[in-house]
Amino acid sequence: MKIIAYYRVSTKKQGASGLGLEAQQVMVQDFAGRNKGTLIAEYTEIESGRNTKRPALEKALNHARSARATLVVAKLDRLSRNLAFTAALMESGVEFVACDNPHANKLTIHILAAMAEQEAVNTSRRTKDALAVKKSKGVKLGSARPGHWEGREHLRGWKKGVEASVKARVDRARATYAFLLPRMQEMRNNGVPYHKIAETLNEEGFQTSRGMAFQAATVCRILQRAEEDTTAKINA
């Protein structure tokens, strides 16, 4: 089992002193030892439990997904009460284990997500009801609204729809490799050839967005696209 560890402490003071963090690390290491797991990376978040922004969590999920690894946390109650964590975890498809309750992984997360989903359903129903009332009064909705396409006429038609679909796929690819891009750029800037960068990524357990091994051509394409994006931003 390949393991990506995710720790969270509530304050900068705790993060600097190691209070709470060391205990979480010990629990994850014990879990790895009992289950013959290999700890390949650790991510630490210094955030309040109420904060919905979790950059370290996003990196941990991206790494776990790319490496086909299991995300392991020390205590479920450090995370489960945070809706952002629940939503990110459910959408990621990453395997998840809490050391203090290893059997309460997917079931517990599903319950938490179901509660959030029900609230979303209720909100959606209220919105639809309100729109139905407006429509019954003759109010035009969506793209039928006056001025809806003003300044966006270029988006009309099926051809633009296809182009938008292609752009969406490219954007998803960019998002997938955003986590690895700085590392790839650093190696390339240090003179590492494309095939060596691919070998390094494969050795560390990373895979492409299609679940395949990295090739020199893949690395080259990703770096060229990133360079084109940077040039476009400069010229904009």
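Going by the structure above, here's the rest.
Residues numbered from 1 in each chain as written. Predicted model: local features only at pLDDT ≥ 70, side-chain atom pairs only at ≥ 80, totals over all residues. Heavy atoms only, no water.

A. Fine view of the packing of aromatic side chains. Under the criterion given, the structure shown has 2 aromatic pairs. Look at Phe-179 and Phe-206: their rings are 6.2 Å apart centre to centre, the planes differ by 55 degrees, and that puts the pair in the tilted class. Taken together, the positions of Phe-179 in the loop between helix H6 (158–177) and helix H7 (181–189) and Phe-206 in the loop between helix H8 (194–203) and helix H9 (216–235) put the pair 27 residues apart, joining distant regions of the chain. For Phe-206, a relative accessible area of 4% gives the class buried. For Arg-188, the ring lying beneath its charged end belongs to Tyr-194, and the centroid distance is 4.0 Å. (Phe/Tyr/Trp six-rings, centres within 6.5 Å; stacked < 30°, edge-to-face > 60°. Helix = DSSP H or I, 4+ residues; strand = E, 2+ residues; numbered from the N terminus. Buried < 20%, exposed > 50% of the residue type's maximum accessible area, 1.4 Å probe, protein only. Lys NZ or Arg CZ within 6 Å of the ring centre and 35° of its normal.)

B. Spotlight on the pattern of salt bridges. Within the structure shown, the criterion is met by 2 salt bridges. Between Lys-196 and Glu-199 there is a salt bridge, and its shortest N-O distance comes to 3.6 Å. Taken as a pair, Lys-196 and Glu-199 lie in helix H8 at a separation of 3 residues, close to a single helical turn. Lys-196 sits in the partly exposed class, given a relative accessible area of 38%. Residue Glu-199 is classed as partly exposed on the basis of its relative accessible area, which comes to 36%. (Salt bridge = Lys/Arg side-chain N within 4 Å of Asp/Glu carboxyl O.)

C. Spatial organisation of the environment of Tyr-194. Topologically, Tyr-194 is positioned in helix H8. Relative accessible area serves as the criterion here: at 24%, Tyr-194 is assigned to the partly exposed category. Along the sequence, Tyr-194 and Thr-218 sit 24 residues apart, while their C-alpha atoms lie 8.7 Å from each other.

D. Spotlight on the pairing of strand E1 (residues 2–9). For E1, a buried count of 7 out of 8 residues is recorded, marking the element as mostly surrounded by other parts of the structure. Across 8 bridges, the pairing between E1 and strand E2 (residues 38–46) is parallel. Note that in E2 the partner of Val-9 across the bridge is Ile-46. (Pairing = 2+ DSSP bridges.)

E. Examining unusual backbone geometry more closely. The backbone of Lys-36 shows a phi angle near 55 degrees, a positive value even though the residue is not glycine. Tracing the sequence through the fold places Lys-36 in the loop between helix H2 (21–34) and E2. One non-glycine residue, Arg-68, lies in positive phi territory at about 55 degrees. For Arg-68, the location among the structural elements is in the loop between helix H3 (55–67) and strand E3 (70–73).

F. Up close: the sheet that holds E2. The strand order across the open sheet formed by 4 strands is E2-E1-E3-E4, and the pairing between neighbours is parallel. The open sheet terminates on both sides in strands that have one partner only, identified here as E2 and strand E4 (95–98). Pairs of neighbouring strands in the sheet enclose a mean axial angle of 25 degrees, with direction left out of account. Judged from the 3 bridges that link them, E1 and E3 form a sheet pairing that is parallel. Pairing of Ile-3 across the sheet is with Thr-70, part of E3. Its contacts with the sheet put H2 on E1, E2, E3 and E4, and the angle it makes with E1 is roughly 160 degrees. Contacts between H3 and the sheet are confined to E1, E2 and E3, with E2 contributing the most and set at about 160 degrees to the helix. (Axes fitted to C-alpha atoms, helices over the stretch in contact; angles between N-to-C directions. Contact = heavy atoms within 4.5 Å.)

G. Representation of H2. Spanning 14 residues, H2 covers 20 Å between terminal C-alpha atoms, matching the ideal 20 Å at 1.5 Å per step. Listed as buried for H2 are Leu-21, Gln-24, Val-28, Phe-31 and Ala-32. Each buried residue of H2 sits inside an arc of 100 degrees when the element is viewed along its axis, so together they form one side. Facing away from the buried side of H2, by more than 90 degrees, are the exposed residues Glu-22, Gly-33 and Arg-34. Positive phi shows up at Lys-36, right after H2, with a value of about 55 degrees. (Expected span 1.5 Å × (residues − 1). Arc of directions from axis to C-beta.)

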